[in-house]
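Residues per chain are reported as follows:
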Amino acid sequence: MKMKFLGVGAAYNPSWGSNSAFFTVGKQLYLLDCGESTFGAMAGRPELAECEAASVLITHLHSDHIGSLGSFVSYCGHVLNKPVLVASPDAALADVLELMGIGREEYRFRTDFDKPFPGGIRVEPLEVCHAAGMKCYGYYLSDETGTVFYSGDANAMPGPVLERLKAGELTHVYQDTTFEKTEHPSHCSLKKLCESVPGELRGRVTCMHFGEDFRAALRGQGFEAAVIAPTEREFLS
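Residues numbered from 1 in each chain as written. Predicted model: local features only at pLDDT ≥ 70, side-chain atom pairs only at ≥ 80, totals over all residues. Heavy atoms only, no water.

Details of the overall build of the protein
Each helix and strand counted, the protein has 8 helices and 13 strands in total. In terms of overall dimensions, the protein is globule-like: its C-alpha atoms have a radius of gyration of 17 Å, near the 18 Å expected for 237 residues. Viewed in the frame of its principal axes, the protein has a C-alpha envelope of about 45 × 35 × 35 Å. Within the span of the protein, comprising 237 residues, buried residues form 54% of the whole. (Helix = DSSP H or I, 4+ residues; strand = E, 2+ residues; numbered from the N terminus. Rg over C-alpha atoms; globule rule 2.2 N^0.38 Å. Buried < 20%, exposed > 50% of the residue type's maximum accessible area, 1.4 Å probe, protein only.)

This is the structure:
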C-alpha cells in the first residue's frame, strides 16, 4: 500500500496544501484527512471520478485536517452520486459535520474498527499525543501487501509503531515531522526522529506535514519526504 499526497503542508504553510494522503483499492477511494485545501485538490483527480465510493479516515478535528470535509461529503453525494463513509473513533466528528450543515443521512459514519473496511482494508486506530484537550489518532492500514502506519499529527513516533517497524511488521510509516531544533509539544522533530529510528530503517519512513522546506535535511538523514502527487503540484516533486 503506497500513499499519494494531495498536500504536505502544516497548518501555517498553506501554499503546500493541507496535509492529506489517499490510495485506492479496486473501485474504492481512501482519503486520510480532509483539510481546508483537500477537497479542491481531490475534486478534479481521476481517482475520484473513477471510484464507486469513498472512505475518509479522520485523525483529529483541527481545521487543517477536517476543514473541507463537509464540502467533500456533499459533493460526492449530491454531484457525483457516490456514497461516502467517514470514520473516526471520535464520535464528536458527526456533531461537527452537523454544524457544517451535513446531516447524518448524507454519509455513513463509523466509529468501530473491528470489521474490515470496503475493499478488505483493515483499519486500526492508535491514540497519539498531539494537542491538549483533543483526541488524536494515527492509523494502521493493512491489505494483502502488508501494514503501514499513518501518524496524523503526533509529537513523536509512537512506541508501539517504532517497535513494529523494528520487528519488520510494518512495510512503511508516514510520520508528521517538524524541523524545530528543540522539543515540539505537537509534532515530531527531526532530531527526535533521528534519535529513535535506526539508520537502516529510515528508508521506510516518509515524513510529511511540513512547516518549512527541510526536505534536503530529511533525505540527508535517510528519510523519505512526502511530495504532492505530480498531477497536482509538480513543483514539490
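Overview of the nonpolar core
Ranked by internal contacts, the top residues of the largest apolar core, which has 48 residues, are M3, F5, L141, M157 and V197. For V197, the contacting residues outside a window of four places in its chain are M157, L162, L165, R202, V205 and F223. With 27 residues, the next largest nonpolar core counts A41, C51, I66 and A94 among its residues. (Core = buried A, V, L, I, M, F, W, Y, C linked by side-chain atoms within 4.5 Å. Contact = heavy atoms within 4.5 Å.)

Quick notes on the pairing of strand β2 (residues 20-25)
Pairing of strand β1 (residues 4-7) with β2, which is carried by 3 bridges, proceeds in the antiparallel orientation. Of the residues in β2, the one forming a bridge with K4 is F22. Both β2 and strand β3 (residues 28-32) contribute to a ladder of 5 bridges, which runs antiparallel. The residue bridging F23 from the neighbouring strand is Y30, located in β3. (Pairing = 2+ DSSP bridges.)

Remarks on unusual backbone geometry
At D33, a position not held by glycine, the phi torsion is positive, near 70°. Here D33 shows up in the loop between β3 and α1 (38-43). Phi is positive for H209, which is not a glycine, with a value near 65°. Along the chain, H209 turns up in the loop between β12 (205-208) and α8 (215-220).

Some thoughts on the confidence of the model for the protein
For any part of a model where pLDDT is low, the fine detail of the predicted coordinates should not be relied upon. A residue-level look at the protein finds 95% of positions with pLDDT of 70 or above and a mean pLDDT of 94. Counted against residues more than four places away or in other chains, residues 232-237, with its pLDDT under 50, gives 16 contacts. (pLDDT = per-residue confidence, 0-100.)

Considering the packing of aromatic side chains
Enumeration according to the criterion identifies 10 aromatic pairs in this entry. Measuring from ring centre to ring centre gives 6.1 Å for F5 and Y174, while their planes differ by 50°; the resulting arrangement is tilted. Here F5, found in strand β1, pairs with Y174, found in strand β10 (residues 172-178); they are 169 residues apart in sequence, far enough to count as distant. The class of F5 is buried, set by a relative accessible area of 3%. On the basis of an interplanar angle of 65° and a centroid distance of 5.2 Å, the ring pair of F39 and Y75 is categorised as edge-to-face. Here F39 is found in helix α1, whereas its partner Y75 is found in helix α4 (residues 69-78), with 36 residues between them in sequence. Ring-pair connections join several aromatic residues into one group, and the members of that group are W16, F179, F210 and F214. (Phe/Tyr/Trp six-rings, centres within 6.5 Å; stacked < 30°, edge-to-face > 60°.)

As for the sheet that holds strand β4 (residues 53-57)
Spatially, the 6 strands line up as an open sheet ordered β1-β2-β3-β4-β5-β6, and their pairing is mixed. At either margin of the open sheet sits one strand with a lone partner, and together these are β1 and β6 (108-110). The average angle at which neighbouring strand axes cross in this sheet is 25°, direction not considered. Taken together, the 5 bridges between β3 and β4 define a ladder with parallel strand orientation. Each residue of the ladder has a partner; that of L31, found in β4, is V56. In this fold α4 packs onto β3, β4 and β5 (84-87), with an angle of close to 155° to the strand it touches most, β5. (Axes fitted to C-alpha atoms, helices over the stretch in contact; angles between N-to-C directions.)

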